[in-house]
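# Architecture at a glance
The lines below spell out each chain.
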Amino acid sequence: MIPHLSITDQPIDVAAALAAVQTEAAGAVNAFIGTVRNQSGGRPVRRLHYESYDSMALTQLGHVVSQAYEKWPMLQAVAVVHRKGTLALGDVAVVVAVATPHRAESFAACQYIIDTLKLVVTIWKREEYEDGTEWVAAHP
Amino acid sequence: MIPHLSITDQPIDVAAALAAVQTEAAGAVNAFIGTVRNQSGGRPVRRLHYESYDSMALTQLGHVVSQAYEKWPMLQAVAVVHRKGTLALGDVAVVVAVATPHRAESFAACQYIIDTLKLVVTIWKREEYEDGTEWVAAHP
Amino acid sequence: MSKDMSLKISLYGITREIVGTSVIELPAPAPATVGELLAEMRKQYPALGELRSCAVAVNNEYASNDQPLHTVDEIALIPPVAGG
Amino acid sequence: MSKDMSLKISLYGITREIVGTSVIELPAPAPATVGELLAEMRKQYPALGELRSCAVAVNNEYASNDQPLHTVDEIALIPPVAGG
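Residues numbered from 1 in each chain as written. Chains lettered and ligands numbered in written order. Predicted model: local features only at pLDDT ≥ 70, side-chain atom pairs only at ≥ 80, totals over all residues. Heavy atoms only, no water.

## Topic: the overall build of chain A
The test is simple: Labels follow the DSSP assignment, with helices taken as runs of H or I lasting at least four residues and strands as runs of E lasting at least two, numbered in each case from the N terminus. As defined in this context, the radius of gyration uses C-alpha atoms, and a globule is described by 2.2 Å times the residue total to the power 0.38. Think of it in three bands: with a 1.4 Å probe and only protein chains considered, a residue is buried below 20% of the maximum accessible area for its type, exposed above 50%, and partly exposed in between. By definition in these notes, contact holds between two residues if any of their heavy atoms fall within 4.5 Å. Per-residue and other accessible areas follow the Shrake-Rupley method at a 1.4 Å probe size, with only the shown protein chains counted as cover for residues.
From N to C terminus, chain A includes 3 helices and 9 strands. Secondary structure elements in chain A, listed N-terminal to C-terminal, are β-α-β-β-β-α-β-β-β-α-β-β. On C-alpha atoms alone, chain A measures out to a radius of gyration of 16 Å, which is about the 14 Å that the 2.2 N^0.38 rule sets for 140 residues. Expressed along its principal axes, the backbone C-alpha trace of chain A runs to roughly 50 × 25 × 25 Å. In chain A, which comprises 140 residues, the share counted as buried stands at 51%. Intrachain contacts of chain A at a sequence separation of at least 6 include 75% that bridge at least 24 residues. When the accessible surface of chain A is split by element, carbon and sulfur atoms take 50% of a total near 5,400 Å².

Okay, structure coming up:
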């Protein structure tokens, strides 16, 4: 099944991402939904901005999902949607949804994809505080 | 935050369960969605029936969620909705959704809740095949 | 513990099918403990002994074999659960 | 590898802010490898050296230091990512 991967500047439709992976052959769906928190390291956040190098982000995301299919051959379907642009508190930044016949693998595969996505996918986050902004993780 | 726990004979509104746990304080939501598979142990399934001892199921579910709050004090919100009655292939049987400030704990807490729910919550499943029905897990 | 009491036992899933009703009343003298209740039910309905497990719940909690039973208790047989 | 070529480097996030533009063109003779490109960029923009990391991507893939560069390549600096 072709994975459903996208990077969008529109609000993420979580229900659509979940629907994209549900099949009658897979009894287990695990989904991770990352939303904008009102603080970061104890500092109040007002909103944030994601910048994406889209073509590379999708290429790398494709690699991550391929690796997941290799690790968990029972994977039936995967959807990953990442938001870019300006997000308000509570907005959905990313959704990862996977479907498997059995439960444990749905958790493991979903966690692998979000963990690896965060390491390699070319998206950058700039947090906006009361008194300025910062590119997250840029400096040691 | 009071957990959102219910057992219903109506179709489960997954989006509502997810919305019930999302807060601006919790950046991570993990959700497990169990759906009706078209086969069980290689045998084609036509549909299935869940029977529930509601008052005990909700009591035990409350215990499971309390244990999760003890194990993961950072848990911000939990929702569990279980369907009962007759379900068609692909129907959602159960949703567990949890919200935490950080990612790893959302996976761990959600998996703990669904794994433990399956051990102690008083709901019984009867699968219907081409040629009969069976109470799942009833016999050795 | 007096045995001069009756007990109502709720039945679900396969135990309901085995017993043929969703509530069974055991007249006095009824079993005084969970263990005695299970022994009595298995004697009357041998198919219960073929289940993978059969627990007893008292007032919505899983009960141990030595727990005493009272007429006012909400008692149920709990065959192997299969939610989720 | 000839150095008689120019390279276009795309910049994102904090590297875009440091360099002050989203695409920079390095005229011939341009760096011949990823390693040479990084050295040249860090010389021109010392603030790049203060980042936690700065990788180079060639045609949408992470590249090693010894990878050769060509005019037709899609080249980008990749500061520490922070998606999710």
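Let's pick the thread back up.
## So, the interface of chain B and chain A
Heads up, the condition is: Summed over both partners, buried area is the accessible surface (1.4 Å probe) that two parts give up on being assembled. Each reported salt bridge corresponds to a side-chain nitrogen of Lys or Arg within 4 Å of a carboxyl oxygen of Asp or Glu. N or O atoms closer than or at 3.5 Å make up a polar contact, with two conditions inside protein: a donor-capable atom paired with an acceptor-capable one, and, for residues adjacent in sequence, both atoms drawn from side chains. In this classification, Asp, Glu, Lys and Arg are treated as charged, Ala, Val, Leu, Ile, Met, Phe, Trp, Tyr, Cys and Pro as nonpolar, and every other residue, Gly included, as polar. Paired strands, as defined in this entry, are two strands with at least two bridges between them according to DSSP.
Every contact between the two is made by 33 residues of chain B and, on the other side, 33 residues of chain A. Its largest share of buried area at the contact with chain A, chain B owes to Glu24(B), Arg103(B) and Phe107(B), together 25% of the area lost on that side. Linking chain B with chain A are 2 salt bridges. Linking Asp115(B) and Arg103(A) is a salt bridge whose minimum nitrogen-to-oxygen distance equals 2.7 Å. Taken together, the links from chain B to chain A amount to 16 residue pairs in polar contact (both at pLDDT 80 or more). Among the elements of the structure, helix H1 (14-21), strand E2 (28-35) and helix H3 (103-120) of chain B are those that each provide at least two residues to the side of chain B that touches chain A. At 9 residues, the largest contribution of residues to the side of chain B that touches chain A is made by H3(B). Tallied by class, the residues present in the side of chain B that touches chain A amount to 17 nonpolar, 11 polar and 5 charged. Of the pairings in the sheet, the one linking strand E2 (residues 28-35) of chain A to E2(B) comprises 7 bridges and is antiparallel in character.

## Focus on unusual backbone geometry
The omega angle of the peptide bond from Ala28(C) to Pro29(C) is -5°, so this bond is cis rather than trans. Summarising the element assignment, Pro29(C) is placed in the loop between strand E2 (23-26) and helix H2 (34-44). One non-glycine residue, Ala137(B), lies in positive phi territory at about 70°. Looking at the element boundaries, Ala137(B) is found in the segment after strand E9 (132-135). Look at Asn59(C): it is not a glycine, yet its phi comes out positive at around 55°. Looking at the element boundaries, Asn59(C) is found in the loop between strand E3 (55-58) and strand E4 (61-62).

## Comments concerning the interface of chain C and chain B
Across the contact, 22 residues belong to chain C and 28 residues belong to chain B. For the interface between chain C and chain B, the tally reads 1 salt bridge. With its nearest N and O atoms 2.3 Å apart, the salt bridge here joins Arg16(C) to Glu51(B). Along the contact surface separating chain C from chain B lie 22 residue pairs in polar contact (both at pLDDT 80 or more). Residue assignment for the side of chain C that touches chain B shows that the elements contributing at least two residues are helix H1 (13-19), E4 and strand E5 (75-78) of chain C. In terms of residue count, H1(C) provides more of the side of chain C that touches chain B than any other element does, 4 residues in total.

## Quick notes on the packing of helix H3 (residues 103-120) of chain A against H3(B)
Note the following rule: To define axes, lines are fitted to C-alpha atoms, for helices over the stretch in contact only, and angles between the resulting N-to-C directions are given on a 0 to 180 degree scale. Roughly parallel means an angle under 35 degrees; roughly antiparallel, over 145; roughly perpendicular, 65 to 115; everything else is oblique.
Viewed as axis vectors pointing N to C, H3(A) and H3(B) meet at an angle of 175°, and their least axial separation amounts to 11 Å. When the interaxial angle is binned, H3(A) and H3(B) end up roughly antiparallel. Residue-level contacts link Arg103(A), Ala104(A), Phe107(A), Cys110(A), Gln111(A), Ile114(A), Asp115(A) and Lys118(A) of H3(A) to Arg103(B), Ala104(B), Phe107(B), Cys110(B), Gln111(B), Ile114(B), Asp115(B) and Lys118(B) of H3(B). Per-class residue counts for the contact of H3(A) with H3(B) are 8 nonpolar, 2 polar and 6 charged.

## Topic: the confidence of the model for chain C
Operational definition: Each residue gets a pLDDT score, which is the predictor's confidence in that residue and runs from 0 to 100.
Mean pLDDT over chain C: 95, with 96% of residues reaching 70 or higher. Scoring of the predicted complex yields 0.95 for pTM and 0.93 for ipTM.

## Description of the relation of the copies chain B and chain A
So the rule is basically this: A least-squares fit on C-alpha atoms brings the copies together, and the residues used are those whose pLDDT is at least 70 in both copies.
Mapping chain B onto chain A calls for a screw motion: a turn of 180° about the axis and a shift of 0.0 Å along it, with 0.0 Å RMSD after fitting. Both chain copies can therefore be described as sitting about a two-fold axis. Within chain B, the C-alpha atom positioned nearest to the axis of rotation is that of Ala31(B), 2.6 Å from it.

## As for the layout of surface pockets
Our working definition: With a 1 Å grid spanning the protein atoms alone, the term cavity applies to any set of points in which a 1.4 Å probe fits but cannot get out, the term pocket to an open set with protein on both sides within 12 Å along at least five of seven lines, and the term lining residue to any residue with an atom within 4 Å of a point. Grid points are joined across faces, edges and corners, and a volume is the space filled by probe spheres set on the points.
By volume, the largest pocket is sized at about 580 Å³. What lines the largest pocket is a set of 28 residues, among which Arg37(A), Lys118(A), Lys125(A), Glu127(A) and Gly84(D) lie closest to the centre. Looking at the lining of the largest pocket residue by residue, the class counts come to 13 nonpolar, 9 polar and 6 charged. Taken as a whole, the second largest pocket holds about 430 Å³ of empty space. Along its surface, the second largest pocket is lined by 22 residues, and Pro101(A), His102(A), Arg37(B), Lys118(B) and Lys125(B) are the ones closest to its centre. Put simply, the parts of the chain that give the lining of the second largest pocket at least two residues each are E2, strand E3 (39-40), strand E4 (43-52) and strand E8 (123-129) of chain B. Within the lining of the second largest pocket, the residues separate by chemical class into 9 nonpolar, 8 polar and 5 charged.

## Section: the sheet that holds strand E1 (residues 7-10) of chain D
All names here are of chain D. Spatial strand order, E2-E1-E5-E3-E4: 5 strands in an open sheet with mixed pairing. The open sheet terminates on both sides in strands that have one partner only, identified here as strand E2 (23-26) and strand E4 (61-62). Note: strand E3 (residues 55-58) against E4, 2 bridges, orientation antiparallel. Pairing of Val58 across the sheet is with Glu61, part of E4. Set on the sheet, helix H2 (residues 34-44) makes contact with E1, E2, E3 and strand E5 (75-78); between it and E2 the angle comes to about 110°.

## What to know about the nonpolar core
How we decide: We define the nonpolar core as a collection of buried residues of types Ala, Val, Leu, Ile, Met, Phe, Trp, Tyr and Cys that are connected through side-chain atoms lying within 4.5 Å of one another.
Counting residues in hydrophobic clusters, the biggest one holds 58 residues, and the most contacted among them are Val96(A), Ile113(A), Val96(B) and Ile113(B). For Val96(B), the residues in contact, after removing those within four places along its chain, are Asn30(B), Ala31(B), Phe32(B), Ala79(B), Val80(B), Cys110(B), Ile113(B), Ile114(B) and Leu117(B).

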